[in-house]
Amino acid sequence: MREHLRLFNFTGAGGVTPFIMNCAVILLLTSSCFTWSSAIYTPNRAAPKKLKYLLEPPVYAEVVARRGENATLPCILRTKPSHYKVKWTKLESEHIGRENIIMISNAHAFKPYGHLGPRASLRKAHTMDASLQLSRLELEDGGTYRCELVNGIEDESVAITLRIEGVVFPYQSKNGRYKFTFHEAKEVCAEQDGTLASYIQLFRAWTEGLDWCNAGWLRDGTVHYPIIHPRPACGGDLLPGIRSYGPKDKINDRFDAFCFTSQTSGSVSYISGSFSFEQAEHACQRRGAELASVGQLYSAWRFQNYDQCDGGWLKDGSVRFPISKPREHCGGIPEPGVRSFGFLNKTMHLYGAFCYR
Ligand SMILES: *[C@@H]1O[C@H](CO)[C@@H](O)[C@H](O)[C@H]1NC(C)=O
Ligand SMILES: *[C@@H]1O[C@H](CO)[C@@H](O)[C@H](O)[C@H]1NC(C)=O
C-alpha cells in the first residue's frame, strides 16, 4: 500500500516538489526529464510481484473518456479465492496519503462511498469481472484508481489510470496580466466551465502545441508556462519545454490561470451582427441560449472542430474566435487555435455573439 501511495504521489503537491524543483533548476522540462522522472517513480514496475488472483497488467493501463461519458476501468480475476471482497479506491494526488474509497463489494452486497460512489457500479460481465463502471464523468475524475482484492490473507491490487480527454486554455483577468491569487484562479476556471489544469494536463497540451508566454497557476499550487518556440522574453533561448516557477504563495502571489475543460453537453453557435455586449446577450436569449463561456468555446473548437472567422462576444466580456483550419485572412497564425481580441469596451458595436445552449 505504501508503495502505491508513493507511486502516485508524483502528480500531487507534495510528491511533485522534488521533481519540479529538479526541473526548475534548469527552468525547463524536456520530455527526457519527464521520462526520467516517470522511471524513478514506478518502483512497482521495477520489482513486479506476481499476482495470484488479479490479471496484471490490467487490460488497459489507461482508459480515456470525455466529461459526461461513462468509463469502464478493467479489473479481471484469474482465479477466485473462496471468500473475498472487491474494493475500488481513487488515489487522490491532491490529498496526500489519503485514500478515497469508491465502493466495497462482496458476493451479497455493494456499498458505495464518497462523492464517486453514487456514479459507480461493478460491470460484472462474467463471474471473474470486477471492473468498475463510472457514469457521467466529471472533469476531476481523472487520476489513478486501484482495484483491490481483499481476502484477509493475500490482498492484492492493480492500478488503472483514467484520463479525461480535454483541452487546456490560458486565462487572464480583464484587469491585465498576473492578477489572480490561487483561489481566484480556481474560481475563474470554474466560471469558464473548467477546473485548474494539472501538471500532466499542461504537459500534454504542450506536446499538442500550446505555447504561452505568461505564467499560470496549476491545480497543485505550482506555476508554469509552456513554450514551443523559445524567445528572449519567454525564458531566453532554453530548449522548448515547460518553464517552471515551482510552488508559489497561494495567498500573496498573483499569476494567470491554466484551465482545463472537456466535452460539453450543449453546443456553441454564432450569431453574426454588430452588437454591443448587451445586444449580444439579448441575441442569445432570443434563441433560448446564453453567451458562451471561454471554456465552452474551447471545447467546441477542440471536439467539434468549430471554426468561425469572426469575432464574437463571450460571457466574460471578451471577444474571441475559433480557428480549426488556419488561413491567411483569419488571424494569419499558422496553427489552429482560439484567437482573442481581449476584453473590449462593452459599448462597441462591432462583433457577433457566441451562444451556448
Ligand atoms: C451511462 O451510465 C448510465 C448509468 O449507469 C446509463 O443510464 C447511461 O445509459 C449510460 N450511458 C451510455 C452512453 O452508455
Ligand atoms: C466605452 O466607450 C464609450 C463610447 O465611446 C465611452 O463613453 C466609455 O467611456 C468607454 N468605456 C470605457 C470603460 O472605456
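Calculation notes
- Along each chain, numbering runs from 1 in the same order as the chain's sequence is written.
- Here chains are named by letter from A upward and ligands by number from 1 upward, in the order in which they appear as written.
- Restriction of local features to residues with pLDDT of at least 70 applies here, the model being predicted, together with a cutoff of 80 or more for giving and counting side-chain atom pairs; totals for whole chains, interfaces and linings are based on all residues.
- Every helix listed is a DSSP run of H or I at least four residues long, and every strand listed is a run of E at least two residues long, numbered separately from the N terminus.
- Buried means a residue has 20 or more other C-beta atoms within 10 Å of its own C-beta, exposed means 12 or fewer, and partly exposed covers the counts in between; C-beta atoms are placed from the backbone.
- Placing C-beta atoms from the backbone, we regard two residues as in contact once those atoms come within 7 Å.
- To define a nonpolar core, we join buried Ala, Val, Leu, Ile, Met, Phe, Trp, Tyr and Cys residues through C-beta atoms within 7 Å and take the resulting set.
- Residue ranges labeled as domains rest on an automatic or database domain assignment.
- A pair of strands is treated as paired once DSSP finds two or more bridges between them.
- Orientation is described by lines fitted to C-alpha atoms, with helices fitted over the stretch in contact, and by angles between N-to-C directions that extend from 0 to 180 degrees.
- In this description, the arc belongs to the directions extending from the helix axis to the C-beta atoms.
- The quantity known as pLDDT measures the predictor's confidence residue by residue, on a range of 0 to 100.

Asks: So what's going on with the overall build of the chain? Residues and values would help.
Replies: Across its full length, the chain holds eight helices and 21 strands. Buried positions account for 38% of the 357 residues belonging to the chain. Summarising the internal contacts of the chain: among those between residues at least 6 apart in sequence, 62% fall at separations of at least 24.

Asks: How would you sum up the nonpolar core? Please name residues and give values.
Replies: Of all hydrophobic cores here, the largest spans 75 residues; its most connected members are L202, W217, A257, W313 and F354. Both domains that meet at this core, namely domain 1 (67-164) and domain 2 (166-356), each give it at least three residues. Apart from the residues within four sequence positions on either side, A257 is in contact with Y171, F180, A185, V188, C189, L196, G216 and W217.

Asks: Lay out helix α6 (residues 199-207) with the relevant residues and their values.
Replies: Along α6, the residues classified as buried are Y199, Q201, L202, F203, A205 and W206. G209, located one to two residues past α6, shows a positive phi value of around 120°.

Asks: Mind laying out the sheet that holds strand β2 (residues 71-73), listing which residues take part and the relevant values?
Replies: If you walk across this open sheet you meet the three strands as β2-β7-β6, and the pairing is antiparallel. The open sheet has two free edges, formed respectively by β2 and β6 (120-122), since each of these has just one partner strand. Taking the axes of each pair of neighbouring strands and ignoring which way they run, one obtains an average angle of 25° across the sheet.

Asks: Which residues make up the environment of F354, and what values do they have?
Replies: The topology assignment puts F354 in strand β21 (residues 351-356). Considering only alpha carbons, one finds F354 and V319, 35 residues apart in sequence, at a separation of 9.2 Å. Non-local contacts of F354, meaning those with residues more than four positions away in its chain, are made with V268, Y270, L291, A292, L297, G312, W313 and L314.

Asks: Break down helix α5 (residues 182-191) for me, citing the residues and quoting the values.
Replies: F182, A185, V188 and C189 are the residues of α5 that are buried. All buried residues of α5 fall inside an arc of 120° around its axis, so they share one side. Against the buried residues of α5 lie β10 (166-171), β11 (195-196), β12 (216-217) and β15 (256-262). D193 sits one or two residues past α5 and shows a positive phi near 65°.

Asks: Tell me about the pairing of strand β9 (residues 156-164), and name the residues and values.
Replies: Taken together, the four bridges between strand β1 (residues 62-65) and β9 define a ladder with parallel strand orientation. Bridging from a neighbouring strand, V63 pairs with L162 of β9. Of the strand pairs in this sheet, strand β8 (residues 143-150) and β9 are connected by seven bridges, and their pairing is antiparallel. Residue pairing for β9: E148 is matched across the bridge by S157. The turn linking β8 back onto β9 is made up of five residues, and G152 within it adopts a positive phi angle of 85°.

Asks: Can you explain unusual backbone geometry? Please cite residues and give values.
Replies: With an omega dihedral of 0°, the bond running from E56 to P57 counts as a cis peptide bond. Take P57: it is sitting in the loop between α4 (43-46) and β1. Phi is positive for Y178, which is not a glycine, with a value near 55°. Mapped onto the elements, Y178 comes out in the loop between β10 and α5. By the C-beta count within 10 Å, which is 15 here, Y178 ends up partly exposed. The backbone phi angle of N305 is positive, close to 50°, even though this residue is not glycine. Here N305 shows up in the loop between α8 (294-304) and β18 (312-313).

Asks: Which residues make up the confidence of the model for the chain, and what are the values?
Replies: The predicted coordinates should not be examined in detail at positions where pLDDT is low. On average, residues of the chain carry a pLDDT of 86, and 84% of them reach 70 or more. Low pLDDT, under 50, characterises residues 1-46; the stretch is placed with 63 contacts to residues that sit more than four places away or in other chains.

Asks: Help me get a handle on the pairing of β21, residues and values and all.
Replies: The element β21 is largely enclosed, with a buried count of six among its six residues. In this structure, strand β16 (residues 268-275) lies alongside β21, joined through five bridges in antiparallel fashion. Residue Y270 lies in a different strand from β21, and its bridge partner there is F354. The sheet contact formed by strand β17 (residues 290-291) and β21 spans two bridges and is antiparallel. Within β21, the residue paired with L291 across the bridge is C355. Where β18 lies against β21, two bridges are found, and the strand directions are parallel. When the sheet's bridge partners are listed, W313 is paired in β21 with A353.

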